Amino acid sequence: MNKKLENIYENNKLNLSNSLKAQDDISILINNIISYINKTEFYIVGKIKICKLISSSITNGNINNYFNIKEAGIGFHLFDKNGFSIFVSTFDLNMNKIKALINNGMNLLKKYNKICNDPNKNIFELQPIKARLEKKSNVDIDKINSEKFQRDFLEFYNNLPKENDISYSIGISLKNIDNFIFRSDGTDIYYNEFYSIITGDLSISSNSKASIYYKIHKFGLDILNDKDKLEEFLSLTSKNNKLVKDLSLAENVDGGSYNLIIDYALAKGLAHEAFGHAAETDFVENSILSKNGIFNKGLKVGKSFLNIIDESFDNEWAYTPFSDYGLIRKKVYIVKDGILNNGLSDVFSYKKAQTELTGAERSERYSDIPIPRMSNIRIELNPDFVYKDNIFNKNFNEIKPSEILNYVLENKLFKNDKDTLLLSGYSGGQVDTVKGNFVFNCQAIYKVENNKIKIFKPSVFSGITLKTLDSISFGIGNLKLDAIGRCGKSGQSVNSSGGSHYFLGINYNENIIIGGK
């Protein structure tokens, strides 16, 4: 651990190796802060985060690193009676240091309130909430033995189905976060989250480069002891050994517009990057979803069977039951029956955007300002436009590209004579929420040629957001919402997840382009 952090913990007298003791200490600290603030004319909204992380990685049999990081701190907004506010933070949880920080913040607000930000009294209208949602972990992250952890991880690596001409890099992370949220009105919330992930990166550099990135995760810290999860990763590794070899020999697909079938991971990318960010109300005046600076509720963005929904699920990668301003996070139908319905809003921007307050405020660290963010976002079609034949009643990873393509073509699900491509896997992209353009990357492309399935190298999937949404024509299979990642915005990154039905069909549209040769 960083020596500076160790000293901070000693000075704060927080026993972070004992979760219950730490919670008691934090509760006393919060009460002292509220008592101090209540003697002034100011209002406080605060959060304390205690984060513990263990991670390691192995490349071709060599352990690259091992991190055991612990971090604690407090961040808070101070409001004056007119609604002007300032955000300050510190890693020092000593009450005397926090008092000094509060005093500095109050003095700054008194002198410079009119240049800090616009006044906002919405915070004073919130109703107080008291809640405690404590998840019980079957692994105590403080009691993990580093040497045993690395031995177990290396043993798992050694059991991977490896091949000589493929380079293997795998990583593992375990993270535990305790969240405390409080306000002057008596709001007092505690919830904790913990999760683990194993990632794999296979690559071939000879002849033509190819790589595949994949991962498994769980809400829990015992992923190295979870036989089902480890078997899933081994199975994916075996499958991806063949895929990365095939990709190294594959050609580039011809560029142009096609009928497209995208898997649920790409659909999550479309919902999240191309649309979800545009629905976040802190920058609504610059969004394609605004009109005259306000959220354009009632705008038609897709067919009448299209829904885009964001919500926090229990025991899930992007679990966020409360906002960092002390609100219950709501399930939000961003799009309902093809119509723009509601935004992802925070207490600062919802009235300006003229949307409902949905409690979407999230932040990565104690020192980050909470801003509207997604949690688990999905594209969900009304049942009459989803095909659920028996051939899809199995694990997603067991479905072959040939099954999907042949099913779509034989049943003539696209009502035109254009060529059809299957795009598989999501590997990042870029979005312009002002102009409404997106550029995504997939991991593989499939097409039927001469009655055979042919694989092509991954290529750019780009288009105009609203044109693409309006071209979604059908879904295949059940909802699958475990596509995970990290979402970056305003210099901070948080867990994100989501998906759709196993596959979505996107009708030919000249505004949607596959890069190609």
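Residues numbered from 1 in each chain as written. Predicted model: local features only at pLDDT ≥ 70, side-chain atom pairs only at ≥ 80, totals over all residues. Heavy atoms only, no water.

**Things to note about helix H6 (residues 264-276)**
1) Next: Along its 13 residues, H6 runs just 16 Å from first to last C-alpha, ending more than 12% under the 18 Å computed at 1.5 Å per residue.
2) Next: The buried fraction of H6 amounts to 13 of the 13 residues, a majority that puts the element mostly inside the structure. (Helix = DSSP H or I, 4+ residues; strand = E, 2+ residues; numbered from the N terminus. Expected span 1.5 Å × (residues − 1). Buried < 20%, exposed > 50% of the residue type's maximum accessible area, 1.4 Å probe, protein only.)

**Some points on unusual backbone geometry**
1) Next: The backbone of Asn 315 shows a phi angle near 55°, a positive value even though the residue is not glycine.
2) Next: Examined against the element boundaries, Asn 315 turns out to sit in the loop between strand S11 (306-311) and strand S12 (332-336).
3) Next: Look at Asn 315 and you get partly exposed, because its relative accessible area is 44%.
4) Next: With a phi angle near 60°, Gln 354 is a residue other than glycine that sits in the positive phi range.
5) Next: Tracing the sequence through the fold places Gln 354 in the loop between helix H7 (350-353) and strand S14 (361-362).

**Digging into the pattern of salt bridges**
1) Next: A full pass over the atoms with the stated rule returns 32 salt bridges.
2) Next: Ionic contacts of the salt-bridge type, sharing partners, join the residues Glu 251, Asp 419, Lys 447, Glu 449 and Lys 454 into one network. (Salt bridge = Lys/Arg side-chain N within 4 Å of Asp/Glu carboxyl O.)

**Side note on helix H5 (residues 227-249)**
1) Next: Taking 1.5 Å of rise per residue, the 23 residues of H5 would be expected to cover 33 Å, and the 34 Å separating its terminal C-alpha atoms lies within 8% of that figure.
2) Next: Among the residues making up H5, those that are buried are Leu 230, Phe 233, Leu 234, Leu 236, Thr 237, Asn 240, Asn 241, Leu 243, Val 244, Leu 247 and Ser 248.
3) Next: The elements touched by buried residues of H5 are helix H4 (146-158), strand S5 (167-183), strand S6 (188-204), strand S7 (210-218), strand S19 (437-449) and strand S20 (452-456). (Contact = heavy atoms within 4.5 Å.)

**Focus on the confidence of the model for the chain**
1) Next: In this model, the chain carries a mean pLDDT of 92, and residues with pLDDT of at least 70 account for 94%.
2) Next: When the criterion is pLDDT under 50, residues 1-13 qualifies, and its contacts beyond four places in sequence or with other chains add up to 19 contacts. (pLDDT = per-residue confidence, 0-100.)

**Some words on the side chain of His 277**
1) Next: Assignment of secondary structure puts His 277 in the loop between H6 and strand S9 (290-291).
2) Next: The class of His 277 is buried, set by a relative accessible area of 14%.
3) Next: Not counting residues up to four positions away in its chain, the partners in contact with His 277 are His 272, Met 374, Thr 433, Cys 487 and Lys 489.

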